[in-house]
Amino acid sequence: MKIEFDKLTKGYRKSNGTWHPVLKNVSLSIQPGDFVMLLGKSGCGKTTLLNMLAGFDTPSSGTVRVDGKRVADIHPSRTMLFQQPTLIPWLTVEENVAYGCKIRKDFHQLDYRVAQFIEITGLSGFEHSRPCELSLGMAQRTCLARALVGHPEILIMDEPFASLDTFTRAHIQEETVNLWLSEQFTVVFVTHDIDEAILMGNRVVLLGGSPVGIIETFDIDLPYPRDLNHPLFKGFRREILNRFKRSQSGNRGFL
Ligand SMILES: Nc1ncnc2c1ncn2[C@@H]1O[C@H](COP(=O)(O)OP(=O)(O)O)[C@@H](O)[C@H]1O
Ligand SMILES: [Mg+2]
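Residues numbered from 1 in each chain as written. Chains lettered and ligands numbered in written order. Predicted model: local features only at pLDDT ≥ 70, side-chain atom pairs only at ≥ 80, totals over all residues. Heavy atoms only, no water.

> Please explain the UniProt feature "domain: ABC transporter" (unreviewed entry) in the chain as it appears in this structure.
UniProt's entry tags residues 3-234 with the feature "domain: ABC transporter" (unreviewed entry), counted in the numbering of this structure. Secondary structure over residues 3-234 splits into 32% helix and 28% strand, and the C-alpha atoms at its two ends are 29 Å apart. (UniProt positions renumbered as here; feature names shortened; annotations may be inferred. Helix = DSSP H or I, 4+ residues; strand = E, 2+ residues; numbered from the N terminus.)

Take a look at the structure:
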């Protein structure tokens, strides 16, 4: 599914009545099967942008289109993974993973699919555990399994690994990339971590400015799995950081 952000602008009315612009003129085209990393500082408007793709919120002006159709509401073809796990406490891992499909009455081979994604996300043996018995990483993997079991065409990820420790994060980043390589869905992933952006995406979209806009898009044409210490990886890191600094200096860009 092709995603198009077309001259998207978004702001909020503050309680004192003044207008707070967050996003300005964001235009971006995402091809089916892309793994796009939206990289920007905390508070710059990343979640705001994702909420409009998910259909949780509407733009002030401009449009978001998926396969040529304007996004006006939530849809099962687009699933969002949030910063913190969002599991139902009284349901088991298995029941949580199946939950969205059951709500939508999508019962086709559901037990098989649930078991498959529990295995893929490394949760075998914990099918009957409840969220309070899981580590943060396991809970987030349960959310990932729940997101993927419905075979979404677009996976929207809002800094989903930000609260995980280094080791768990590295593992789940690699698992997510492997799932994307095998399942061929489109990923739109928000992060403020430059290494995470270069490790995972085939494109990195650098956001900046106030209100925020796209500074530049980078094609990361490195093979997977990627190595943070590879000279080409370091080259991308340097290039993106330099571009961000240049945009801040006021010569070019938005900040
Ligand atoms: N519902 C809202 N009402 C008012 N302001 C909001 C709302 N949602 C976000 N904002 C403001 O928009 C800006 C961007 O927020 P957000 O998209 O959450 O940033 P990020 O995800 O990049 O950290 C912040 O200044 C925030 O205060
Ligand atoms: Mg956010």
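So much for the structure itself; the text now carries on.
> What should I look at first to understand the site of ligand 1 in this one?
The full set of residues close to ligand 1 is Tyr12, His20, Val22, Lys41, Ser42, Gly43, Cys44, Gly45, Lys46, Thr47 and Thr48. Contact between ligand 1 and Thr48: an oxygen atom at 2.6 Å from a side-chain N or O atom of the residue. Sorting the residues of the shell around ligand 1 by element identifies strand S2 (19-30) and helix H1 (46-54) as the ones contributing at least two each. Here the residues of the shell around ligand 1 sort into three nonpolar, six polar and two charged. (Near = heavy atom within 4 Å. Polar contact = N/O pair within 3.5 Å; in protein donor to acceptor, adjacent residues only side chain to side chain. Nonpolar A, V, L, I, M, F, W, Y, C, P; charged D, E, K, R; others polar.)

> Teacher, can you tell me more about the pairing of strand S10 (residues 213-219) here?
Remark: a regular strand shows side chains that alternate across the two faces of the sheet. As paired strands, strand S9 (residues 203-208) and S10 are joined by six bridges and run antiparallel to one another. Across the sheet, Arg203 pairs through a bridge with Asp219, a residue of S10. Here S9 hands over to S10 after four residues, with Gly209 in that stretch at a positive phi of 105°. (Pairing = 2+ DSSP bridges.)

> Just to check I follow, could you spell out the sheet that holds strand S1 (residues 3-13) for this structure?
Taking strand neighbours across the sheet as the criterion, the four strands line up as S2-S1-S4-S5 in an open arrangement whose pairing is antiparallel. Each edge of the open sheet carries a strand with a single partner, namely S2 and strand S5 (69-70). Examined bridge by bridge, S1 and S2 share eight bridges and lie antiparallel to one another. Paired with Gly11 across the strands is Pro21, a residue of S2. Packed on one face of the sheet, H1 meets S1, S2 and strand S4 (61-66) and runs near 120° to S1. (Contact = heavy atoms within 4.5 Å. Axes fitted to C-alpha atoms, helices over the stretch in contact; angles between N-to-C directions.)

> Would you explain the domain arrangement of the chain in this entry?
Accessible area lost when the parts come together is the quantity often used to give the size of an interface. Assigned domains of the chain: these are domain 1 (3-77 + 154-248) and domain 2 (87-151). Computed from C-alpha atoms alone, the centre-to-centre distance between domain 1 and domain 2 is 25 Å. At the junction of the two partners, domain 1 supplies 14 residues and domain 2 supplies 12 residues. Note on domain 1 versus domain 2: buried area summed over both sides is about 1,100 Å², and carbon and sulfur give 76% of it. The tally of links from domain 1 across to domain 2 stands at zero salt bridges. Between the two partners, domain 1 and domain 2, sit one residue pair in polar contact (both at pLDDT 80 or more). (Domains from an automatic or database assignment. Buried area = accessible area lost by both parts, 1.4 Å probe. Salt bridge = Lys/Arg side-chain N within 4 Å of Asp/Glu carboxyl O.)

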